[in-house]
Amino acid sequence: MSDDTKRLQIYGGKASIKPNKFGVWQFRMWVNSEKRYYEKSLRTKRRLDAIDLAEARYIDIQNEIKNGKKLFSFTIKQAVEVYLAHRAREAKSGVITEGRYKTITTHLSHFISYVGETEKAANLGIQTLVRFEHGREETNYVLWRTNQKAAKQTIRNEMATINACQRYLFEIENIVNVPRFVLPNLKISGGTTKSGEEVRRMTFEKEEWKSFYTALRSYAAKVKNKLTDNEEYERELVRHWCLFAANSGLRSGEQRQLTWGDVSVVKDKHNGEEISLAKVNVRGATSKVGKARIFWCMGGEYLLRWKKLQKEYGGNDKGLIFSLDGLTEYERYRLHRHWKVVMLLSSISVDKRKRLVPYSLRHLAITNMYLSGVSLSDIAFYCGTSVKQIEGTYYHLREEKMKSVATARLIKRDGKTYTVGQQLVDG
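Thresholds applied
- Residues numbered from 1 in each chain as written.
- Predicted model: local features only at pLDDT ≥ 70, side-chain atom pairs only at ≥ 80, totals over all residues.
- Heavy atoms only, no water.
- Core = buried A, V, L, I, M, F, W, Y, C linked by side-chain atoms within 4.5 Å.
- Buried < 20%, exposed > 50% of the residue type's maximum accessible area, 1.4 Å probe, protein only.
- Helix = DSSP H or I, 4+ residues; strand = E, 2+ residues; numbered from the N terminus.
- Contact = heavy atoms within 4.5 Å.
- Polar contact = N/O pair within 3.5 Å; in protein donor to acceptor, adjacent residues only side chain to side chain.
- Salt bridge = Lys/Arg side-chain N within 4 Å of Asp/Glu carboxyl O.
- Pairing = 2+ DSSP bridges.
- Axes fitted to C-alpha atoms, helices over the stretch in contact; angles between N-to-C directions.
- Phe/Tyr/Trp six-rings, centres within 6.5 Å; stacked < 30°, edge-to-face > 60°.
- Lys NZ or Arg CZ within 6 Å of the ring centre and 35° of its normal.
- Parallel < 35°, antiparallel > 145°, perpendicular 65-115°, else oblique.
- Left-handed = near helix turned anticlockwise from the far one by under 90°.
- Nonpolar A, V, L, I, M, F, W, Y, C, P; charged D, E, K, R; others polar.

What follows covers the nonpolar core. Counting residues in hydrophobic clusters, the biggest one holds 51 residues, and the most contacted among them are Phe204, Phe212, Phe244 and Val280. Counting residues per element, the ones that place at least two in this core are α8 (206–219), α10 (229–248), β8 (273–282), β9 (293–298), α12 (300–312), α13 (332–345), α15 (360–371) and α16 (376–383). Ignoring any residue separated from it by four or fewer positions in sequence, one finds Phe212 in contact with Phe204, Cys242, Trp339, Val342, Met343, Ser346 and Ile348. In this structure, Tyr83, Tyr141, Tyr168 and Val176 belong to the second largest nonpolar core, which totals 34 residues.

This brings us to the side chain of Arg7. Tracing the backbone shows Arg7 in the loop between α1 (3–6) and β1 (8–10). Look at Arg7 and you get buried, because its relative accessible area is 10%. One polar contact links Arg7 to Ser16, side chain to side chain, over a distance of 3.2 Å. Apart from the residues lying within four places of it in its own chain, the contact partners of Arg7 are Ser16, Ile17, Lys18, Arg28 and Glu39.

The next point concerns the pattern of salt bridges. Under the defined criterion, the tally for this structure stands at 14 salt bridges. The shortest N-O distance in the salt bridge between Lys222 and Asp229 comes to 2.3 Å. Judged by its relative accessible area of 30%, Lys222 is partly exposed. In this structure, a network of salt bridges that share partners links the residues Glu234, Glu331, Arg334 and Arg337.

What follows is about the sheet that holds strand β3 (residues 25–31). One open sheet accounts for four strands, arranged β1-β2-β3-β4; its pairing is antiparallel. Looking along the sheet, the strands with just one partner apiece sit at the ends: β1 and β4 (36–41). Averaged over all pairs of adjacent strands, the angle between strand axes in this sheet comes to 25°, irrespective of strand direction. Packed onto the sheet, helix α2 (residues 47–66) meets β1, β2 (15–19), β3 and β4 and runs at close to 30° relative to β3.

This part covers the packing of aromatic side chains. Tallied over the entire structure, the rule returns 19 aromatic pairs. Taken together, a centroid distance of 5.5 Å and an interplanar angle of 70° make the contact between Phe204 and Trp209 edge-to-face. Owing to a relative accessible area of 5%, Phe204 belongs among the buried residues under this scheme. Grouping aromatic residues by their ring pairs yields a cluster made of Phe204, Trp209, Phe212, Tyr213 and Trp339. Sitting over the face of the ring of Tyr37, Arg28 holds its NZ or CZ atom 4.2 Å from the ring centroid.

As a further point, take the packing of α8 against α13. Where α8 contacts α13, the axes come no closer than 8 Å and their chain directions differ by 110°. With respect to α13, the element α8 is oriented roughly perpendicular. Relative to α13, α8 is oriented so that their crossing is right-handed. Judged by residue contacts, Phe212, Ala215, Leu216 and Tyr219 of α8 engage His338, Trp339, Val341, Val342, Met343 and Leu345 from α13. A breakdown of the residues in the contact of α8 with α13 according to their chemical character gives nine nonpolar, one polar and no charged.

Note that all results are geometric; they support no functional claim without further evidence.
Okay, here's the thing in structure tokens:
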């Protein structure tokens, strides 16, 4: 039987559905404006439910197309080409000079090289220029261009052009998710930037993290928010992604490609309490640095709970862990979309919300390890990076640790502060 004969037609053939090899129904329709098929799992094995969901999805897509929304993610190269076509028309009509157009083209060619031409435009977040993994190394736009011998003023002009492009793609073309990027510090000393300070600002404080995971729990509450099964399932995926990322310190790409075959969970005793430890195998093929590593981390209970939810919703609990169907990686732009809503539900300050991104969960994990006394070499192996990278990026933690060492020698008695062996004046 051919693939076409297996399909059930929706709205007279305007869309169709068919079950995959696991019995989960898949939706498909041709989007003429973008000359591509749109395909999505309906996350149900029941035929009648699948038909209802497909009909509703078809109507939603038609409304999105009518409102000018792009259904497919452009690569950054394709997105920039859209903007350059707009500027080329301006050059032709005399709004800008031909020389200016060439300068814009050059500026944006550096940006494409920075993020990689195959990177999806919708995946880029507000911190893209401040922090990005380029060539298996974490960097920012200023440091990256400085290492190429670009002058400060050149870098400043490039970043202005990049944000002008970003605004156009956000406001006019609806291709990207944020209207502008935060700009990194241009003060450069000894070939490095104050990236540690930027990382500190991008890391959750204790109360901020508490507010965030509380907001996550509220966001995924089905009865409270009157969610459908599909909506609850996706929100729970986001919730468990964040909780495990904050414990594991995995890079987003590594976590996105993690399968159930890569992890195991064991029960252990710690200070008389039972805890769930996760053993994680990051395969070389999915590691950002191309090296395999195995490590243990807290948060095993979140994996077990998510696996139970996958089974309840008829998902595939044998393939990808953080996936709606076990087969398809959960897209970054969707994670960012939910992230923004959860941030609004939290009590985190508006200024700090702008700096916190999903990568902040990795910063949180590394920060907690460092302040707990884990050695730099162990942290480096655990997180798949170098000791030099940890030292350079998280140097701001040294001061916090030195403070903890200093205050460890202090005691309070009768309202006054003393240090071991010496009385301190405490007015």
